[in-house]
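This is what each chain is made of:
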Amino acid sequence: MKKRILVIEDEPGLVLTLTDRLASEGYHTEVAEDGAAGLARALGEPFDLILLDVMLPEKNGFDLLRDLRQHRVETPVLMLTARGQTLDKVLGLKLGADDYLTKPFEMMELLARVEALLRRAPAAAPSPDAYRFGEVHVDFRGAEVVRDGNPVELSAREFQLLRYFVEHRGEALSREQILSDVWAYDDVPATRTVDVHVAWLRQKLEPNPRRPQHILTIHGLGYKFAG
Ligand code: CA
């Protein structure tokens, strides 16, 4: 599964360098070029890590970080500060940054910090061998699903999606995240594909697919598996 990194930075050259390098290391990156847009992205979608510049148009990195933590978004933040701004570093850490790097920095140094922060972040719950919710029993080893005593036929993709939901139960998952993790963009599907597969899963697994109890819709974002 690709880790998602939000880059909030307004220098086009640095944005290009960062996104190129992070992508070549296997990360999925999204970019916001001012503080207001960055905050909206960070609040609206789940990310595994945020790279946050301090000096930004619209809203500076400190204000953004403060707002983020006030909204209880605990995504690890690596702050990018200008040379010699020691006060910046102290203030950033006080506000809840997890680490900082002084510009200009070596890309290897940045990658090492990124890796360390991602390792520290809590991993998704490991996949259990079996899982039960409502009338449904899922045997992950045997790839079998039984509902109320009757076997349920799932396509390979539906089964993958169900496993993904179980592994991320309780988490708000955006359509884009589900697509990139479950489909890995290999057949270039639209986000609508996620909705279609969720509808099929609900049809097969929910007591009342029109009023889902397990695979919940989060309006404007995506889905959450409630277990
Ligand atoms: Ca800047």
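Residues numbered from 1 in each chain as written. Predicted model: local features only at pLDDT ≥ 70, side-chain atom pairs only at ≥ 80, totals over all residues. Heavy atoms only, no water.

### Details of the coordination of the calcium ion
Next up, step 1: Looking at the calcium ion, the protein donor atoms are Asp10 (OD), Asp53 (OD) and Met55 (O), and they sit 2.1 to 2.3 Å from it.
Next up, step 2: On the accessibility criterion, aspartate 53 (3% relative accessible area) is buried. (Donors = N, O, S within 2.8 Å, 3.2 Å for Na, K, Ca; no water. Buried < 20%, exposed > 50% of the residue type's maximum accessible area, 1.4 Å probe, protein only.)

### Digging into the packing of helix α1 (residues 12-24) against helix α5 (residues 107-120)
Next up, step 1: Contact pair α1 / α5: the axes reach a minimum separation of 11 Å and the direction vectors enclose 60 degrees. Considering the angle they form, α1 stands oblique to α5. Crossing of α1 against α5: the hand is right-handed. The residues of α5 that touch α1, namely those facing Thr17, Leu18, Arg21 and Leu22, are Met107, Met108, Leu110 and Leu111.
Next up, step 2: Split by residue class, the contact of α1 with α5 holds six nonpolar, one polar and one charged. (Axes fitted to C-alpha atoms, helices over the stretch in contact; angles between N-to-C directions. Helix = DSSP H or I, 4+ residues; strand = E, 2+ residues; numbered from the N terminus. Parallel < 35°, antiparallel > 145°, perpendicular 65-115°, else oblique. Left-handed = near helix turned anticlockwise from the far one by under 90°. Contact = heavy atoms within 4.5 Å. Nonpolar A, V, L, I, M, F, W, Y, C, P; charged D, E, K, R; others polar.)

### Digging into the packing of aromatic side chains
Next up, step 1: Per the counting criterion, the structure on display carries five aromatic pairs.
Next up, step 2: An angle of 35 degrees between the planes, with centres 6.2 Å apart, marks the rings of tyrosine 131 and phenylalanine 133 as tilted. Each member of the pair, tyrosine 131 together with phenylalanine 133, is buried.
Next up, step 3: Considering the side-chain rings of phenylalanine 165 and phenylalanine 225, the 6.2 Å spacing of their centres and the 25 degrees angle between planes classify their relative orientation as stacked. With a gap of 60 residues between them, phenylalanine 165 in helix α6 (residues 156-167) and phenylalanine 225 in strand β12 (residues 222-225) connect regions that are remote in the sequence. Like phenylalanine 225, phenylalanine 165 is buried.
Next up, step 4: Counting every residue linked through ring pairs, the aromatic cluster contains Tyr131, Phe133, Phe165 and Phe225.
Next up, step 5: In this arrangement the basic side chain of arginine 4 is found over the ring face of phenylalanine 47, its NZ or CZ atom lying 4.6 Å from the centre. (Phe/Tyr/Trp six-rings, centres within 6.5 Å; stacked < 30°, edge-to-face > 60°. Lys NZ or Arg CZ within 6 Å of the ring centre and 35° of its normal.)

### Examining the sheet that holds strand β3 (residues 49-53)
Next up, step 1: Strand order in the open sheet formed by five strands is β2-β1-β3-β4-β5, with parallel pairing between adjacent strands. The open sheet terminates on both sides in strands that have one partner only, identified here as β2 (28-32) and β5 (99-102). Direction aside, the axes of adjacent strands within the sheet are offset by 20 degrees on average.
Next up, step 2: Pairing of strand β1 (residues 4-8) with β2 involves five bridges; the strand directions are parallel. In the strand pairing of β2, leucine 6 is matched with glutamate 30. (Pairing = 2+ DSSP bridges.)

### A word on the domain arrangement of the protein
Next up, step 1: Segmenting the protein into domains produces domain 1 (4-120) and domain 2 (130-225).
Next up, step 2: On a C-alpha basis, the centres of domain 1 and domain 2 stand 32 Å from each other.
Next up, step 3: On the domain 2 side, the residues contacting the five residues of domain 1 number five residues.
Next up, step 4: Taken over both partners, the interface formed by domain 1 and domain 2 buries close to 420 Å², and the fraction arising from carbon and sulfur atoms is 60%.
Next up, step 5: Summed over the three residues of domain 1 that lose the most area to domain 2, namely Arg4, His28 and Pro46, the buried surface amounts to 74% of that side.
Next up, step 6: For the pair domain 1 and domain 2, the interface holds zero salt bridges. (Domains from an automatic or database assignment. Buried area = accessible area lost by both parts, 1.4 Å probe. Salt bridge = Lys/Arg side-chain N within 4 Å of Asp/Glu carboxyl O.)

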